[in-house]
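Observations on chain architecture
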Amino acid sequence: MSDFIENETLFTEFEHYAVKNVIPFFSKETRKKFETYFYELNKWNKKFNLISFKNIRDLVYRHFCDSLYSAKAISDILTVYRLSIYSKRKRKREGAGRKQKSAESAFKVADLGTGSGMPGIPVKIALPCIKLTLIESITKKCRFLNNINNKLGFNTEILNKRAEEIGQNTSYRQQYDFILSRAVSKLSPNLEISIPLLKIGGYFIVHKTKKSAESSKDGLQSAENALKHLGAKLERTIYYNLPEYESDYCILIFKKHKDTPANFPRKSGIPEKNPL
Ligand SMILES: C[S@@+](CC[C@H](N)C(=O)[O-])C[C@H]1O[C@@H](n2cnc3c(N)ncnc32)[C@H](O)[C@@H]1O
């Protein structure tokens, strides 16, 4: 019972924080889905060690809240193009045309190196109309992803493969509007496995700490060559803090402006071992 009250209070705090700082729309359904994800992650993590978190506050703030900043980045980008992703329900009520609705729900988003679903699952909870693909090379994590996909009633595509392989497959190459990535690798290899999946004009949204984005070894400076080869440019950086954490966080948003040459991504492991 005390666990239940503790979780209820935590989720109410989380909801208030999210609505004030990250996403404007948090329905009862949104909360229920986050609770289901929280419950399933706690249950599976005991057996399969899918993700590290110190306690339940850490799971909710450092993982869920942080992931929601990817949803904010997507909706900010779409707002610039006057395509509010939150408006689908409102337009439905108002009886808007079928053509407009199908255009909005056609955004294809992939989370590359998603692990136990972050940031992809929180983003799909916040923005249910996106078409989501989760890419993860470890099978036990994909088993969890299949389970949570069913529990949440989503029709997410789950690819249990290396991103290098997917990036050379014509069914996936240059097919996505947004690629998301969090804690997968250093910036240059992360760009090499992500940018080939984007359509021209698509966005790569990557979570970093401010410190790592600015570091000469891992950060933006070290990725200049990769960006030139891959045909992408840094468009924008969003800085933010998370409640209870001292680090400064940021999201780097890159835009793809031309075709990626056919030799990228290179074979599995090479982008990491021998960064561009
Ligand atoms: C540190 S975890 C982060 C997981 C998740 N993004 C998060 O923020 O909690 C990195 C994940 O990326 C996956 N990964 C790393 N390189 C990959 C690749 N080339 N293709 C597919 N998955 C990859 C790993 O298996 C691992 O599950």
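What comes next concerns the included structure. In this text, all values refer to a predicted model and were calculated from it rather than measured experimentally.

**Focus: the sheet that holds strand 4 (residues 176-182)**
Spatial ordering of the open sheet is given by 3-2-1-4-5-7-6, a layout of seven strands whose pairing is mixed. Edge positions in the open sheet fall to strand 3 (157-159) and strand 6 (232-241), since each of these has one partner strand only. Here the strands of the sheet are splayed against their neighbours by 20° on average, with no regard to which way each runs. The pairing of strand 2 (residues 131-135) with strand 3 spans three bridges and is parallel. In the strand pairing of strand 3, Thr-133 is matched with Glu-157. The strands that helix 9 (residues 187-194) touches are strand 1 (108-112), strand 4, strand 5 (198-209) and strand 7 (248-256); relative to strand 5, the one it contacts most, it runs at about 150°.

**Describing the nonpolar core**
With 58 residues, the main nonpolar core has Phe-14, Phe-64, Ile-74, Phe-178 and Ile-205 as its most contacted residues. It is helix 3 (residues 56-80) that contributes the most residues to this core, 13 residues altogether. Aside from chain neighbours lying at most four places away, what touches Phe-64 is Phe-14, Phe-34, Tyr-37, Phe-38, Leu-41, Leu-59, Met-118 and Pro-122. Membership of the second largest hydrophobic core comes to 28 residues, among which are Ile-179, Ile-195, Phe-204 and Ala-226.

**Structural notes on the pattern of salt bridges**
Enumeration over the complete set of coordinates arrives at 17 salt bridges. Ionic pairing is found between Arg-31 and Glu-35, a salt bridge with its closest N-O pair at 3.2 Å. Of this pair, Arg-31 and Glu-35 are both found in helix 2 (residues 28-48), four residues apart, which corresponds to roughly one turn of the helix. Exposure remark for Glu-35: the relative accessible area of 26% places this residue in the partly exposed category. One salt bridge in this structure joins Arg-266 and Glu-192, with 2.7 Å as the shortest N-O distance. One end of the pair, Arg-266, is in the loop between strand 7 and helix 12 (270-273); the other, Glu-192, is in helix 9, with 74 residues separating them in the sequence.

**Describing the pairing of strand 1**
Judged by how many residues are buried, strand 1 sits mostly within the fold: four of five residues are covered. For strand 1 and strand 2, the ladder comprises five bridges, and the chain directions are parallel. Directly across from Asp-111, in strand 2, lies its bridge partner Leu-134. Handedness of the crossover is the feature at issue here: the chain leaves strand 1, passes through helix 6 (residues 120-126), returns alongside strand 2, and the resulting connection is right-handed. For strand 1 and strand 4, the ladder comprises three bridges, and the chain directions are parallel. Each bridged residue has a counterpart across the sheet, and for Val-109 the counterpart in strand 4 is Phe-178.

Analysis parameters
- The numbers attached to residues start from 1 for each chain and follow its sequence in the written order.
- For a predicted model such as this one, the threshold for reporting local features is a pLDDT of at least 70, and the threshold for listing and counting side-chain atom pairs is 80 or more; totals across whole chains, interfaces and linings nevertheless cover every residue.
- As a convention, hydrogens and water are excluded, and side-chain values are obtained from all of the structure's heavy atoms.
- Strands were regarded as paired on the criterion that DSSP finds at least two bridges between them.
- Every helix listed is a DSSP run of H or I at least four residues long, and every strand listed is a run of E at least two residues long, numbered separately from the N terminus.
- Each axis is a line fitted through C-alpha atoms, and for a helix only the stretch in contact is used; angles between axes span 0 to 180 degrees, taken between their N-to-C directions.
- Only heavy atoms enter the contact rule, under which two residues are in contact if any of them lie within 4.5 Å.
- Grouping buried Ala, Val, Leu, Ile, Met, Phe, Trp, Tyr and Cys residues that are joined through side-chain atoms within 4.5 Å yields what is termed a nonpolar core.
- Each residue gets one of three labels from its accessible area relative to the maximum for its type: buried under 20%, exposed over 50%, partly exposed in between, using a 1.4 Å probe on protein chains only.
- Think of a salt bridge as a Lys or Arg side-chain nitrogen and an Asp or Glu carboxyl oxygen that are within 4 Å of each other.
- We call a crossover right-handed when, viewed with both strands directed away from the observer, the connection leading from the first strand over the helix to the second proceeds clockwise.

From the geometry alone we can't say anything about function, so treat these as descriptive.
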